[in-house]
There are 2 protein chains.
Amino acid sequence: MSLIEPRTLKGFRDYPPALMIPRERMLETARRVFRSYGFAPIDTPALEYAEILTGKGGEESDRLIYQFKDHGGRDVALRFDLTVPFARFAAQHIGQLGTPFKRYHMGPVWRGENTAHGRYREFWQCDFDTIGTHANAADIEIALVIHDLMTSLGFERFSIRINNRLVLNGLLENIGLADRAVPLLRALDKLPKIGADKVCDEMQRTAGVTADQARQILALAALQGDNESVLNRLEAEYGSNARTAEGIRRLRELLAVATEAGIPRDRLTIDLAICRGLDYYTGTIYETFRLDKTDIGNVCSSGRYGNLASHYTKQQLPGVGASLGLDRLLAAMEELGMIRDVSTPAPVLIVQFDPARLGAYQNLARRLRGFGIGTEVYPEAKKIGAQLQYAERRGFSLALIAGSEEFAQRVWKVKHLATRTETAVDDAEVVEFVRSRLT
Amino acid sequence: MSLIEPRTLKGFRDYPPALMIPRERMLETARRVFRSYGFAPIDTPALEYAEILTGKGGEESDRLIYQFKDHGGRDVALRFDLTVPFARFAAQHIGQLGTPFKRYHMGPVWRGENTAHGRYREFWQCDFDTIGTHANAADIEIALVIHDLMTSLGFERFSIRINNRLVLNGLLENIGLADRAVPLLRALDKLPKIGADKVCDEMQRTAGVTADQARQILALAALQGDNESVLNRLEAEYGSNARTAEGIRRLRELLAVATEAGIPRDRLTIDLAICRGLDYYTGTIYETFRLDKTDIGNVCSSGRYGNLASHYTKQQLPGVGASLGLDRLLAAMEELGMIRDVSTPAPVLIVQFDPARLGAYQNLARRLRGFGIGTEVYPEAKKIGAQLQYAERRGFSLALIAGSEEFAQRVWKVKHLATRTETAVDDAEVVEFVRSRLT
């Protein structure tokens, strides 16, 4: 038989244990946080009717979609994000599910991207949203969830920057530019990358505004200081517009409730320069940055939108949601040394010294597992050196060894692999001893 | 804008929270058990080169594979199981990963099945294997894992039936039919469905054996009794063949180690009639049945194989593994009333009685979440009746209510939704009170 070369497609990758263990841990942490707020899990198929997915993110996005005909000749496509399937899902089921509806959704998506920039064609997304309510309470909760996600993942130094589209929309209304919001937002979104002068140029070029108008918008975005003083100046300078005033009220309420709920004040920062380029967003905007590693970019962004599922239903479904940047966070955790390089989920290896004692080895393993301590029994009675090498290479913490001498004395040799120190421990005390060495 | 009908493809389904919550719980339980034995998670792409996947399960299987050309004109296909991608993965990475290698893999697979029999075209598989060792210790461990999976999922009455191909292979060798093993196994596999007479006919027809030879094979499969007596009779009647004797030795060792490890004896049963129809298997065979619901079929089957990845590498990779039947187990749990019909992962709803108190509501919610108690704050200050109706419909256990009177007295009204009883609880004691009511 001629062999087939074992390889993955360009732009795709395998996840061996060393990559998969931290990914699973991250997904579990996120699930725990979502559930603690009452967000419920959903899933949707990887494949949808092509008409459901295409035309939702513009032409360029459509070109990236994997499309084909299925066995029944239907035009089908692989989902390229979790937002469009959620919109379809909501339109289809919201009558039965009722509102408000809070969901999280984690899963792979597929895009036929150019792989030149290290992009993968299959990657995971992790979204959460509350739909069916205009209430600011839902927006506030999203900020609390982002905060808890970051701390639960082990990050301490981060900043959630917050804005509200209503603030800028009020200004645009005042200066008669409400109908130019789309190109203006798109230009403003580039501020951190290209600077104020180039944004000013672009606004004049693409939105047809005057230099003075562009400068007025940039002046709003440039308001800086502590949250209280920014809001006070906003109110004094722009608060006469009802829309802007409502934006300010919502931002104030968000900060007040978060503080009363117990979120440290310095974790939330009003930042009038963040706007997210899409006109899809209508209210609160969030971006989350790590302060110790700003070059990694925004790791959790989100916003309030006016209508989720307009392509599929006449029912208005406002909502607010966010997307956790799993790959960026994993990269950050790797750089910060927050991920141990292990390829076993179990900390304890029981060496198979004497094959006739397999029952005794598995008996101790079960006792340890009963206390939540992952324990592997090496399957073969190889030389101890080879078994210990296996244990070190995979990243086990402890190796337990017993031969006829130890069985006669009813003890286990507990070997701490990092220090290569060994302790003889009584069989009756070994579970407690192992527990104490692992915490 | 004309609306697009929101619908899923034929053979595909959405998972709303009421379906997804039990699925996630089941996957988490399985993960916990796998990890406790040192099985490590891996993942592989949904899409592979078509040549990797096709031709591995016969023509009929190939017809079910979703195949198409990607943006680069490559012939690609969606995985139809997790075994073939694992074989490709092992061939590609085993040099780096080293052996023995223990992995679990959970994820969706796709088959363009006929949907007439309620089959879905997208479903989850959940596989675990140890590869790179011939040791019986690995086979024994698989039985222990199956046992712990079943008990951790909440099943008490089940039976893991065990056989070893070596037993039958020895007999076939003795009566000169070793080269007819494939059609004979395929016929024998139908024994529970069509009975001994029809199996006997089929053996004669498809394997070209005599009626007497077929009866000899069926006589072996019919040996019954407690484990010890079955093994003793096997030994006495067939033990002279070396292959059969090795099969018996392995079965004996499995039972002895499992018992010493602490598995109740009645959970493991030698059953010489189970054989699994594929010639892929070479040693231990397992099938798992629920005793209180036998019509649901085998919920966890597995076996030892001689060579996992022969299509992709010359390296011999023997192994032993199993597949957990997630959908069958979920169906069983539903029938047994083991799944509460809830669509929220959080047990506590805090009613939004006074919108000015949102900070206080979120403050209590955070205190409860800190103790691992999922707590949702209703986002709008609707009428209490509407909020309680929402809570009941979703399956919350407790609703917490406080208005100006309660805030003045520093108490919370804790409403037990199933009984509609209400207790006023001091704010300082409310976390402890809620905890006690939920356990």
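Residues numbered from 1 in each chain as written. Chains lettered and ligands numbered in written order. Predicted model: local features only at pLDDT ≥ 70, side-chain atom pairs only at ≥ 80, totals over all residues. Heavy atoms only, no water.

**Let's talk about the overall build of chain A**
Per the secondary structure count, chain A includes 16 helices and 16 strands. Taken across its 439 residues, chain A has 58% of its residues classed as buried. In chain A, the proportion of contacts linking residues at least 24 apart, taken out of those at least 6 apart, comes to 66%. Counting only carbon and sulfur atoms, one obtains 47% of the accessible surface of chain A, whose full area is about 18000 Å². Averaged over its 57 positive side-chain charges, chain A has a centre that lies 3 Å from the centre of its 56 negative ones. (Helix = DSSP H or I, 4+ residues; strand = E, 2+ residues; numbered from the N terminus. Buried < 20%, exposed > 50% of the residue type's maximum accessible area, 1.4 Å probe, protein only. Contact = heavy atoms within 4.5 Å. Areas by Shrake-Rupley, 256 points an atom, 1.4 Å probe, with all protein chains shown as cover. Lys, Arg positive; Asp, Glu negative; His and termini not counted. Charge placed at Lys NZ, Arg CZ, Asp CG, Glu CD.)

**Regarding the relation of the copies chain B and chain A**
Here two copies of a chain appear, and what relates them is a rotation about an axis with a shift along it. Aligned on chain A, chain B shows an RMSD of 0.0 Å; the corresponding rotation is 180° and the shift along the axis is 0.0 Å. The operation mapping one copy onto its partner corresponds to a two-fold rotation axis. Every residue of chain B has its C-alpha some distance from the rotation axis, and the shortest such distance is that of B:Phe68, at 3.1 Å. (Least-squares fit on C-alpha atoms with pLDDT ≥ 70 in both.)

**Structural notes on the sheet that holds strand β2 (residues 47–49) of chain B**
Residues and elements named next belong to chain B. With antiparallel pairing, three strands are arranged side by side in an open sheet as β2-β4-β3. Of all strands in the sheet, those with a lone pairing partner are β2 and β3 (67–69), marking the two edges. For this sheet, the mean inter-axis angle between neighbouring strands, taken without regard to orientation, is 40°. Here β2 pairs with strand β4 (residues 75–78) via three bridges, running antiparallel. Residue glutamate 48 lies in a different strand from β4, and its bridge partner there is alanine 77. (Pairing = 2+ DSSP bridges. Axes fitted to C-alpha atoms, helices over the stretch in contact; angles between N-to-C directions.)

**Overview of the packing of aromatic side chains**
Within this structure, the stated rule accounts for 28 aromatic pairs over all chains. The interplanar angle of 70° and the centroid separation of 6.3 Å between the aromatic rings of A:Tyr66 and B:Phe68 together place this pair among those described as edge-to-face. Of the two residues, A:Tyr66 sits in the loop between α3 (58–64) and β3 (67–69) while B:Phe68 sits in strand β3, which places them in two different chains. The two residues A:Tyr66 and B:Phe68 agree in class, both being buried. The interplanar angle of 70° and the centroid separation of 5.8 Å between the aromatic rings of A:Phe407 and A:Trp412 together place this pair among those described as edge-to-face. Here A:Phe407 matches A:Trp412 in class, with each residue buried. The rings of A:Phe34, A:Phe39, A:Tyr104 and A:Phe128 are connected pair by pair, giving a single aromatic cluster. The cationic tip of A:Arg7 hangs over the ring face of B:Tyr49; the distance from NZ or CZ to the ring centre is 3.8 Å. (Phe/Tyr/Trp six-rings, centres within 6.5 Å; stacked < 30°, edge-to-face > 60°. Lys NZ or Arg CZ within 6 Å of the ring centre and 35° of its normal.)

**Focus on empty space enclosed by the protein**
In total, this model carries eight cavities of 30 Å³ or more according to the counting rule given. Volume-wise, the largest cavity comes out at about 480 Å³. Forming the boundary of the largest cavity are 38 residues, of which A:Met106, A:Pro108, A:Trp124, B:Met106 and B:Trp124 lie nearest the centre. At the level of secondary structure, the elements contributing two or more residues to the lining of the largest cavity comprise α1 (17–36), β5 (101–110) and β6 (122–131) of chain A together with α1 (17–36), β5 (101–110) and β6 (122–131) of chain B. Partitioned by chemical class, the residues of the lining of the largest cavity number 20 nonpolar, five polar and 13 charged. (1 Å grid on protein atoms, 1.4 Å probe; cavity = no way out; pocket = protein on both sides within 12 Å on 5 of 7 lines; lining within 4 Å. Points joined across faces, edges and corners; volume = space filled by probe spheres on them. Nonpolar A, V, L, I, M, F, W, Y, C, P; charged D, E, K, R; others polar.)

**Notes on the interface of chain B and chain A**
Buried accessible area, meaning the area lost when the parts come together, often serves as the stated size of an interface. Chain B puts 115 residues into the contact, and the matching count from chain A is 115 residues. Around 9200 Å² of area is buried between chain B and chain A when both sides are counted, 57% of it from carbon and sulfur atoms. On the chain B side of the interface with chain A, the three residues burying the most area are B:Ile4, B:Leu9 and B:Arg366, jointly 8% of the side's total. For A:Glu51, the salt bridge is made with B:Arg7, and the minimal N-O distance between the two is 3.6 Å. Counting every contact that joins chain B to chain A gives 50 residue pairs in polar contact (both at pLDDT 80 or more). Per element, the largest residue contribution to the side of chain B that touches chain A is nine residues, and it comes from α1(B). (Buried area = accessible area lost by both parts, 1.4 Å probe. Salt bridge = Lys/Arg side-chain N within 4 Å of Asp/Glu carboxyl O. Polar contact = N/O pair within 3.5 Å; in protein donor to acceptor, adjacent residues only side chain to side chain.)

**Details of the pattern of salt bridges**
Scanning all chains against the criterion turns up 75 salt bridges over all chains. Between A:Arg31 and B:Glu24 there is a salt bridge, and its shortest N-O distance comes to 3.4 Å. With A:Arg31 in helix α1 and B:Glu24 in helix α1, this pair bridges two chains. The pair formed by A:Arg31 and B:Glu24 is uniform in burial state, with each residue classed as buried.

**Considerations on the environment of A:Asp81**
All names here are of chain A. Here aspartate 81 lies in the loop between β4 (75–78) and α4 (83–97). C-alpha of aspartate 81 to C-alpha of isoleucine 42: the two residues are 39 residues apart in sequence and 14 Å apart in space. Among residues more than four places away in sequence, those in contact with aspartate 81 are Val109, Arg111 and Gln125. Among the polar contacts listed, one links the side chain of aspartate 81 to the backbone nitrogen of valine 84, at a separation of 3.0 Å.

**Examining the domain arrangement of chain A**
Along its sequence, chain A is carved into domain 1 (17–335) and domain 2 (348–438). Each of domain 1 of chain A and domain 2 of chain A has a C-alpha centre, and these two points are 49 Å apart. (Domains from an automatic or database assignment.)

**Details of the environment of B:Val431**
Residue and element names in this part refer to chain B. Among the structural elements, valine 431 can be located in helix α16 (residues 430–438). Placed 66 residues apart in sequence, valine 431 and alanine 365 show a C-alpha to C-alpha distance of 9.5 Å. Contact partners of valine 431, with chain neighbours within four places excluded, come to Leu364, Arg367, Leu368 and Phe371.

**Notes on unusual backbone geometry**
Residue and element names in this part refer to chain A. Geometrically, the link from threonine 99 to proline 100 is a cis peptide bond, its omega value of -5° lying close to zero. Its location among the elements puts proline 100 in the loop between α4 and β5. In the Ramachandran plot, arginine 410 falls in the positive-phi region, its phi being about 55° despite a non-glycine side chain. On the secondary structure map, arginine 410 appears in the loop between α15 (404–409) and β15 (411–416). Since its relative accessible area comes to 62%, arginine 410 is described here as exposed. In this structure, arginine 420 is a non-glycine residue whose phi angle is positive, near 60°. Along the chain, arginine 420 falls in the loop between β15 and β16 (421–426). Of the residues examined, arginine 420 reaches a relative accessible area of 56% and is grouped as exposed.

**Details of the side chain of A:Glu376**
As for its position among the elements, A:Glu376 is in strand β13 (residues 375–377). Since its relative accessible area comes to 1%, A:Glu376 is described here as buried. If sequence neighbours within four positions are ignored, A:Glu376 has contacts with A:Thr344, A:Val348, A:Leu349, A:Ile350, A:Tyr390, A:Phe396, B:Tyr37, B:Gly38 and B:Lys102.

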